[in-house]
Amino acid sequence: MFYFLKNFLYRSVLKRPGEKEDDSDEASNHTVLRHRAVDWLYFWLGLSTHLYGATATVLFFLRAGSEWPVLAGLLDAFQEPYLGGLAVYVILKEIEKRRHGRTSQHYGEYFVIAWMGLLFVSTIFILFFAEYHFDAVYKLIITNSLAAVIIYIGGFINRP
């Protein structure tokens, strides 16, 4: 079983030290992720972050956090993995820039703009419309917005 797993990882996810990828002339002196594996990781991170942000937005503007407590609870439960996914995304982009000397084909910076826009608009709604209240979903919006900005600033300060 261990041999099968190790073999699968080396064929589809990891490159062995000194191995060149089909579309690359560069070889690494240590084990690294294959480009295709990183693209899949970006895809799944992107899909999950889009779903998370869209769900938080819909729950807030429909004022449905208390009507759908299970969904609001799932958002809360997935908050830390979501933020971890954002951090992994930033780390992978920085590695790609530094190691391969090229810009990323994955543009996730707009998540910061989207979260800040959602924070701004939802705060306006909280302040000026009596139907909207400081609830669990708004708390998630604040936390995720500020965390996205902090992660982005950390990546921006450390750019090559």
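Note that this is a predicted model, so its numbers are computed, not measured.

**Quick look at the overall build of the chain**
Here is step 1 of the chain: Helix and strand counts for the chain stand at six helices and two strands.
Here is step 2 of the chain: Moving toward the C terminus, one meets the helices and strands of the chain in the order α-β-β-α-α-α-α-α.
Here is step 3 of the chain: By the burial criterion, 34% of the 160 residues in the chain qualify as buried.
Here is step 4 of the chain: Here the analysis covers contacts within the chain between residues at least 6 apart in sequence; of these, 57% occur between residues at least 24 apart.
Here is step 5 of the chain: Accessible area of the chain: about 10400 Å², with a carbon and sulfur share of 68%.

**Examining a nonpolar patch on the surface**
Here is step 1 of the chain: Side chains of Val58, Leu62, Trp68, Val70, Leu71, Leu74 and Phe78 sit close together on the surface and give an oily, nonpolar patch of about 670 Å² of accessible area.
Here is step 2 of the chain: By residue number, the principal contributor to the nonpolar patch is helix α3 (residues 69–77), which donates three residues.

**Quick notes on the nonpolar core**
Here is step 1 of the chain: If you look at the biggest cluster of nonpolar residues, it comprises 22 residues, and the most contacted ones within it are Phe60, Tyr82, Trp115 and Ile141.
Here is step 2 of the chain: When residues of this core are traced back to their parent elements, those giving at least two are α2 (35–61), α3, α4 (79–100), α5 (110–128) and α6 (136–157).
Here is step 3 of the chain: When residues of this core are assigned to their parent elements, the largest contribution, six residues, is made by α6.
Here is step 4 of the chain: The contacts of Ile141, once residues within four sequence positions are left out, are Ala56, Phe60, Trp115, Leu118, Leu119 and Ser122.

**Examining the packing of aromatic side chains**
Here is step 1 of the chain: Under the counting rule described, the total for this entry stands at eleven aromatic pairs.
Here is step 2 of the chain: Measuring from centroid to centroid gives 6.5 Å for Tyr52 and Trp115, while their planes differ by 50°, and the two rings are tilted. Placement of Tyr52 in helix α2 and of Trp115 in helix α5 is noted, with a sequence separation of 63 residues between them.
Here is step 3 of the chain: By relative accessible area, Tyr52 is classed as buried at 6%.
Here is step 4 of the chain: Here the aromatic rings of Phe60 and Tyr138 are separated by 6.0 Å at their centres, their planes lie at 35°, and the arrangement is tilted. Remark: Tyr138 occurs in helix α6 and Phe60 occurs in helix α2; sequence separation between them is 78 residues. When sorted by exposure, Phe60 lands in the same class as Tyr138, which is buried.
Here is step 5 of the chain: Among the aromatic residues, those joined into a ring-pair cluster are Phe60, Phe61, Phe125, Phe129, Tyr132, Phe134 and Tyr138.
Here is step 6 of the chain: One cation-aromatic arrangement involves Arg63 over Tyr132; the distance from NZ or CZ to the ring centre is 5.3 Å.

**Concerning the side chain of Ser122**
Here is step 1 of the chain: You can see Ser122 is positioned in helix α5.
Here is step 2 of the chain: Dropping the residues within four chain positions of it, Ser122 is found in contact with Phe60, Phe61, Tyr138 and Ile141.

Definitions and limits used
- Per-chain numbering applies: the sequence of each chain, read as written, is numbered from 1 onward.
- Reporting in this predicted model follows two pLDDT cut-offs: at least 70 for local features of residues, and 80 or more for side-chain atom pairs to be given and counted; totals over whole chains, interfaces and linings ignore these cut-offs and use all residues.
- Excluded from the side-chain calculation are hydrogens and water; included are all heavy atoms of the structure.
- Secondary structure follows DSSP: runs of H or I at least 4 residues long count as helices, runs of E at least 2 residues long count as strands, and numbering of each begins at the N terminus.
- Categorising residues by exposure relies on relative accessible area from a 1.4 Å probe, with only protein chains included: less than 20% of the type maximum marks a residue as buried, more than 50% marks it as exposed, and the intermediate range marks it as partly exposed.
- In what follows, a contact means two residues having at least one pair of non-hydrogen atoms within 4.5 Å.
- Only the protein chains shown count as covering a residue, and every accessible area follows the Shrake-Rupley method with a 1.4 Å probe.
- Residues with no salt bridge and a relative accessible area higher than 30% make up the patches, which join like charges within 9 Å and nonpolar side chains (Val, Leu, Ile, Met, Phe, Trp, Tyr) within 5 Å.
- Salt bridge criterion: a side-chain nitrogen from Lys or Arg within 4 Å of a carboxyl oxygen from Asp or Glu.
- Remark: nonpolar core denotes a set of buried residues (Ala, Val, Leu, Ile, Met, Phe, Trp, Tyr, Cys) joined through side-chain atoms within 4.5 Å.
- In this scheme Phe, Tyr and Trp rings, the latter by its six-membered ring, pair at centre separations within 6.5 Å, and the angle between planes marks the pair as stacked below 30 degrees, edge-to-face above 60, and tilted otherwise.
- Whether a charge sits over a ring comes down to the Lys NZ or Arg CZ being within 6 Å of the ring centre and within 35 degrees of the ring normal.

Keep in mind these numbers describe shape, not what the thing actually does.
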